[in-house]
Amino acid sequence: MGAFERVSAFLRAVRRRLLLVHLAAGLVAAVSAGAAVLLVCAFAAWATGPHAVWPLLALGLAIGAALLALTRFALAPLYRLRRTRDVARQVGTHAPKLSSDLVSTVELEPELPALAREPRFSHELVLALAEQTAQAVGTLELSRVAPTRPLKRPLQALAGLCAIYVLVALTAPGWLGRAAHALGRRGPLYAESSDEPIIGDIALTLTYPRYSGLAPKVIPNTSGDVLALKGTEVQIETRALLPAKQATLVLGEGDARPAELSGGVLHARFRVEGPSSYRFVLGLPGGRAVREPIAHKIEIDPDRPPKVDMFAPSEDLEVAGPKIVELGFAAEDDYGLSEIALVWQVGSGPEQRKVLRSGIGTRSAQGRHDWDLAEVGLRAGMRVAYRIEARDTDNVSGPNVGSSRTFYLRLFSAREKHEAQIERQAELLEEVLRALAERLEAPAPTDEQAGRFLDALSAAHEREQAAITLAARLSDEAKANPMAPKELRPALAGMAERLGRLVRDEAEPLSDAQGRRRRGSLKAPALARLSAESPKHVAELENDALKLDDLLGRQRLEDLAALADEAAAAKKRLQALLEKYKRTRDEATRKEIEREMRELAQRLREIQQKLADLAQKHEVPDEFLNAKMDKNALADLEHLEEMIRRGDLDAAARELEKLSRAIDDMQAALGDDLRGFRDQRFAAEQKALSEMLDKIGDLEHEQKRIADDTQKVLERQREKAAQLMKDRIDQFVKKELEKVARLQKRAHEIPQDPLAPFDQEELDRARRRIEDLKKTLDQGDLEQALEMARQAHGSLKSIEDDTQGEMGRMSVSPRARQDLDLATRKLGEALPVAKEIVDDLEKAMPSREDLLGGEDRRRLQDLGGREQALKKRLEQLMQEAEQKAKEAPGIGDAPPAMRGAQNDMQRAEGNLRGVRPRDAYQNEQQAIEKLAELRKNMQRQRRPNPSGAEGREVSTERIKIPGADEFRAPKEWREQILEAAKEAGKAPEPYRGQVKKYYEEIVK
């Protein structure tokens, strides 16, 4: 090994020793610094008390001090020895005589390669210096040039610190434990647990959320457990049982809040946000902190969702069109309702909501809603799920939502059902024709052909039995089919009856012949009775087949005509929507146009298919199939859609007009085909219907003439009244209108929700009559105004009686009683005003003798005679309709409808003769309406139109809740129930609440 290598090896050994020494010094210094910092932090924690900041602060400071010490005693010195030259200088400080040679040797070693290329000084001298230095370092001890002196100060510091710890542990062991406890715990929750109570009884003050309407509640001398609504503010008052310097309230696992401590009395407050617990921590003199051993519970008193009941016509309702469905609802909540809504879902589509009540505020609400299914957008076959939802007033964690059970309704297609029945009628016709064929093709009843003859008649007999069963079933179904011809049901029922009688007569000889055949004694004489009966069956089957064929053809053509009517209606709607879209360019209108075009295309395809089927099956003679659908109609509809998409609306309008003419032509042709078929195959019926329609039209026209003449008398009466009051009418009306405005205001101030459902309806009725009263006064019609005033006063009086009766007989909650008191007070303010208006109008009205002169009285008597004569004509027409009902079954529905008009005519006659023209005029108008409705119904029989069943026309027919008319029980019965409810207190204690609730439910 050369001299330079020996020198380098020596220096590496020195570096390793120094590395170990400085690392040891750094570690000892870091431990000492960290321990010293922890001791200081422990003292501070003991002095100030436990806090969540102390563990993190102490740990951070200790780590920081340790890092500083490690840097100072290890990293910095080692950084200074990073180069060989630095190590050589370090050795030189402990061996001064060798210092210069050692440093020079280390610095000259890198110069040797350059010295060989360019000699600047003697190479031999360098080697000699290296050799001399290597010999010198070989005599040095590592302990001399790399002493352990850097460890001295860190070790001294560590020893002193240990001495301090030992001293404290010997002189104040409790203090050291408390300090360590305070330092190691994260705040008051981790204070030491006391073995004894540290606070006395707790007084709680609960301030409930505003929405609950509950007054603050004070609970003295409690264990401290809290049961309250979410959002409740809790105020705690208690007394510390230990001499405390400070107090802390700890919620849950670590939410510490300072508590007020004054004179030993603790005050704290918190807000209930969820299930949790709380406890107090007391800071005692000397830095000790103690906590309650057992936490106090915080539990949530749940605000339950509202309870909702819904009453509907049926759980699974089937409707024939967009009717108005009556729904009833009742909702109640623990603290108050904010909203009641109807929620429905069509198929699997999104849910839709309609708010029925909002901003309610009371704890219960009830009422009814007329749900117009037109807003649902139903189509045939669709199923709708619907329910009532109620939201409460919880604005802390809610609102909570309660829901009634779900009901369902479905829109059925009258046409689909009708077409299914037509197909089954076609099956019936097929059975009849096969039975007829079996009989006509049966061989002669000879001895040789006896078996074959019997087989043919047996097969025909079985087919006739099947035809009878099917005809009877179809007859029952036709009763509920509004599209079926009136002749269909009696025709099917008559067929089943006649054919059934023939089958029963044939059963005995057929059974006898079959028995003879089994015994082997079947001969021609035994078939004589069967042979004689068979022609009767043939004649009946032929007549039935012809009748069924005519009815089937008629229904097929009526169905086509109805489809054409719907296509024409869709076309008109499309034209109106296109005009609207040209004006507004509204996106919703464009989407509606697209829907209408799809609807029209569907109708045109159905017509096209049905025309093809009729032509192929020959169910209708060709002479009645002159209508054709333009083969380009569907293509034109596609072009129309494309034009609208491009925005070329003028071209679209021209294309739609072209399509409109094609549809109108087809509609007219189908109408002609149907009319021709009826006139030829149902001539007697058509004649009878036409004659009946003409006579009903004449009666309607004459009744209108009588009503017009009655109205003229009324106008003269009104003019006479105006003349008699012309000097004071304006002033009187002005004065009364002021009273009506005051009455209207007070009527609208009456709260509706506290009232029973029937009284809510009565209040709505009263408000409408007050509005009518205002209008009639504006027109100067005092007689009609008096009638409206009387009705409004009667409704308000009825509500007041019911409300007072309910409050006097049934215990109610304080909140409900408060609401009812308000309603009663407002009713008491409105009733005197209504009575005053009635009295004023009665006094102001001129007498009947003053209003009607002798001429008008004679005219009314003449009108009464004309009304009597018209009533007799109607009676004769009713008798005629009953006689013609057999040959034209469609007329059979006329007499019941005529009786309603007859009753109105009779009342009109009495009022005319009694000089009561206003009442007579109302009766006359009612008779006109009934005659007009009867005429329209009979006209519809000529051309059934299922459009209402297809969801395109809105029907105002109301589907009511069963028993809804009886919802208001007789007052006497309700009084008996209320009296019986007083006896509920005599029931056994466990059942009194249930008995009381039972009676309350009965009288709702």
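Residues numbered from 1 in each chain as written. Predicted model: local features only at pLDDT ≥ 70, side-chain atom pairs only at ≥ 80, totals over all residues. Heavy atoms only, no water.

## A few points about the overall build of the chain
For step 1, the next point in the chain: In terms of helices and strands, the chain carries 27 helices and 21 strands.
For step 2, the next point in the chain: Residues classed as buried in the chain amount to 45% of the 1004 residues present.
For step 3, the next point in the chain: Considering only residue pairs separated by 6 or more positions, the chain has 76% of its internal contacts joining residues 24 or more positions apart.
For step 4, the next point in the chain: Entry remark: accessible area of the chain is about 51,400 Å², with carbon and sulfur atoms responsible for 50%. (Helix = DSSP H or I, 4+ residues; strand = E, 2+ residues; numbered from the N terminus. Buried < 20%, exposed > 50% of the residue type's maximum accessible area, 1.4 Å probe, protein only. Contact = heavy atoms within 4.5 Å. Areas by Shrake-Rupley, 256 points an atom, 1.4 Å probe, with all protein chains shown as cover.)

## What to know about the pattern of salt bridges
For step 1, the next point in the chain: One pass over the structure, following the stated rule, counts 52 salt bridges.
For step 2, the next point in the chain: One salt bridge connects Arg257 with Asp255, and the closest N-O pair in it is separated by 3.1 Å.
For step 3, the next point in the chain: Among the residues examined, Arg257 registers a relative accessible area of 31% and is labelled partly exposed.
For step 4, the next point in the chain: Overlapping salt bridges, with partners in common, bring together Glu339, Glu351, Arg353, Arg387, Glu389 and Arg391 in one network. (Salt bridge = Lys/Arg side-chain N within 4 Å of Asp/Glu carboxyl O.)

## Structural notes on the packing of helix H13 (residues 528-584) against helix H14 (residues 587-617)
For step 1, the next point in the chain: Running from N to C, H13 and H14 cross one another at 160°; their axes reach a closest spacing of 9 Å. Taken together, the axes of H13 and H14 lie roughly antiparallel to each other. Here H13 and H14 pass one another in a crossing that is left-handed. (Axes fitted to C-alpha atoms, helices over the stretch in contact; angles between N-to-C directions. Parallel < 35°, antiparallel > 145°, perpendicular 65-115°, else oblique. Left-handed = near helix turned anticlockwise from the far one by under 90°.)

## Brief notes about the pairing of strand E13 (residues 316-319)
For step 1, the next point in the chain: Alternating positions in E13 separate cleanly, Leu317 and Val319 being buried on one face and Asp316 and Glu318 remaining unburied on the opposite face.
For step 2, the next point in the chain: Relative to strand E20 (residues 407-411), E13 is paired through four bridges, and the arrangement is parallel. Residue pairing across strands places Asp316 opposite Tyr408, the latter belonging to E20. (Pairing = 2+ DSSP bridges.)

## Comments concerning the nonpolar core
For step 1, the next point in the chain: Core analysis: the largest hydrophobic core is formed by 41 residues, its most contacted members being Ile593, Leu600, Leu604, Ile607, Leu640 and Ile644.
For step 2, the next point in the chain: Counting residues per element, the ones that place at least two in this core are H13, H14, helix H15 (633-646) and helix H16 (649-681).
For step 3, the next point in the chain: No other element matches H13, which puts twelve residues into this core.
For step 4, the next point in the chain: In this structure, Phe732, Leu743, Leu763 and Leu827 belong to the second largest nonpolar core, which totals 29 residues. (Core = buried A, V, L, I, M, F, W, Y, C linked by side-chain atoms within 4.5 Å.)

## Some thoughts on H13
For step 1, the next point in the chain: Here H13 spans 84 Å end to end across 57 residues, near enough to the 84 Å set by a 1.5 Å rise per residue.
For step 2, the next point in the chain: Two residues or fewer past H13, Arg585 is found with a positive phi of approximately 55°. (Expected span 1.5 Å × (residues − 1).)

## Remarks on the confidence of the model for the chain
For step 1, the next point in the chain: With 84% of its residues at a pLDDT of 70 or more, the chain has an overall mean of 80.
For step 2, the next point in the chain: Put simply, helix H26 (residues 971-981) is where the chain has its lowest mean pLDDT, 44, and strand E5 (residues 233-239) is where it has its highest, 95.
For step 3, the next point in the chain: Throughout residues 964-979 the model reports pLDDT below 50, and contacts reaching past four residues in sequence, or to other chains, amount to 27 contacts. (pLDDT = per-residue confidence, 0-100.)

## Comments concerning helix H2 (residues 53-80)
Given 3.6 residues per turn, any residue in an α-helix points the same way as the ones three and four places further on.
For step 1, the next point in the chain: Here H2 is 28 residues long and its end C-alpha atoms lie 39 Å apart, about the 40 Å a rise of 1.5 Å per residue gives.
For step 2, the next point in the chain: Within H2, the axis deviates most sharply at Thr71, by approximately 45°.
For step 3, the next point in the chain: Along H2, the positions that sit buried rather than exposed are Trp54, Ala58, Ala62, Ala65, Ala66, Ala69, Phe73, Ala74, Pro77 and Leu78. (Bend = angle between axes of the 7 residues up to and from the residue.)

## Details of the packing of helix H10 (residues 414-440) against helix H12 (residues 488-519)
For step 1, the next point in the chain: Contact geometry of H10 with H12 gives a least axis separation of 14 Å together with a crossing angle of 30°. When the axis of H10 is compared with that of H12, the two are roughly parallel. Remark: the crossing between H10 and H12 carries left-handed chirality. Between H10, through Gln425, Leu428, Val432 and Arg439, and H12, the contact on the second element is made entirely by Leu488, Leu492, Met495 and Glu506.
For step 2, the next point in the chain: Class assignment for the residues of the contact of H10 with H12 results in five nonpolar, one polar and two charged. (Nonpolar A, V, L, I, M, F, W, Y, C, P; charged D, E, K, R; others polar.)

## What to know about unusual backbone geometry
For step 1, the next point in the chain: We note that Asn221 has phi near 50°; this positive angle belongs to a residue other than glycine.
For step 2, the next point in the chain: Examined against the element boundaries, Asn221 turns out to sit in strand E3 (residues 217-222).
For step 3, the next point in the chain: Positive phi is not limited to glycine here, since Arg585 has a value of about 55°.
For step 4, the next point in the chain: Within the secondary structure layout, Arg585 lies in the loop between H13 and H14.
For step 5, the next point in the chain: Under the relative-accessibility criterion, Arg585 is labelled partly exposed at 49%.

## A word on the packing of aromatic side chains
For step 1, the next point in the chain: Counting across every chain of the model gives six aromatic pairs.
For step 2, the next point in the chain: Between Tyr211 and Tyr335, the ring centres sit 6.4 Å apart and the planes meet at 90°, which makes this aromatic pair edge-to-face. Of the two residues, Tyr211 sits in the loop between strand E2 (202-207) and E3 while Tyr335 sits in the loop between strand E14 (324-332) and strand E15 (337-346), which places them 124 residues apart along the sequence. For the pair shown, Tyr211 and Tyr335 are each scored as buried.
For step 3, the next point in the chain: Each ring, one from Trp371 and one from Tyr386, has its centre 5.1 Å from the other, and the planes form 55°; the classification is tilted. Of the two residues, Trp371 sits in strand E17 (residues 364-372) while Tyr386 sits in strand E18 (residues 383-392), which places them 15 residues apart along the sequence. Across this residue pair, the class does not change: Trp371 and Tyr386 are buried.
For step 4, the next point in the chain: Three or more aromatic residues joined by ring pairs form one cluster here, namely Trp344, Trp371, Tyr386 and Phe407.
For step 5, the next point in the chain: The ring of Phe73 has Arg72 lying over it, and the distance from NZ or CZ to the ring centre is 4.8 Å.
For step 6, the next point in the chain: Cation over ring: Arg585 sits above Tyr581, and NZ or CZ is 6.0 Å from the ring centre. (Phe/Tyr/Trp six-rings, centres within 6.5 Å; stacked < 30°, edge-to-face > 60°. Lys NZ or Arg CZ within 6 Å of the ring centre and 35° of its normal.)

## Focus on the side chain of Asp559
For step 1, the next point in the chain: Its location among the elements puts Asp559 in helix H13.
For step 2, the next point in the chain: Residue classification places Asp559 among the buried residues on the basis of a relative accessible area of 4%.

## Side note on the environment of Gln760
For step 1, the next point in the chain: Within the fold, Gln760 resides in helix H19 (residues 757-778).
For step 2, the next point in the chain: On the accessibility criterion, Gln760 (4% relative accessible area) is buried.
For step 3, the next point in the chain: For the pair Gln760 and Arg368, spaced 392 residues apart in the sequence, the C-alpha separation amounts to 9.2 Å.
For step 4, the next point in the chain: In contact with Gln760, not counting residues within four places along its chain, are Arg357, Gln366, Gly367, Gln752, Asp753 and Leu755.
For step 5, the next point in the chain: Reaching out from Gln760, the side chain makes a polar contact with the side chain of Arg357 at a distance of 3.0 Å. (Polar contact = N/O pair within 3.5 Å; in protein donor to acceptor, adjacent residues only side chain to side chain.)

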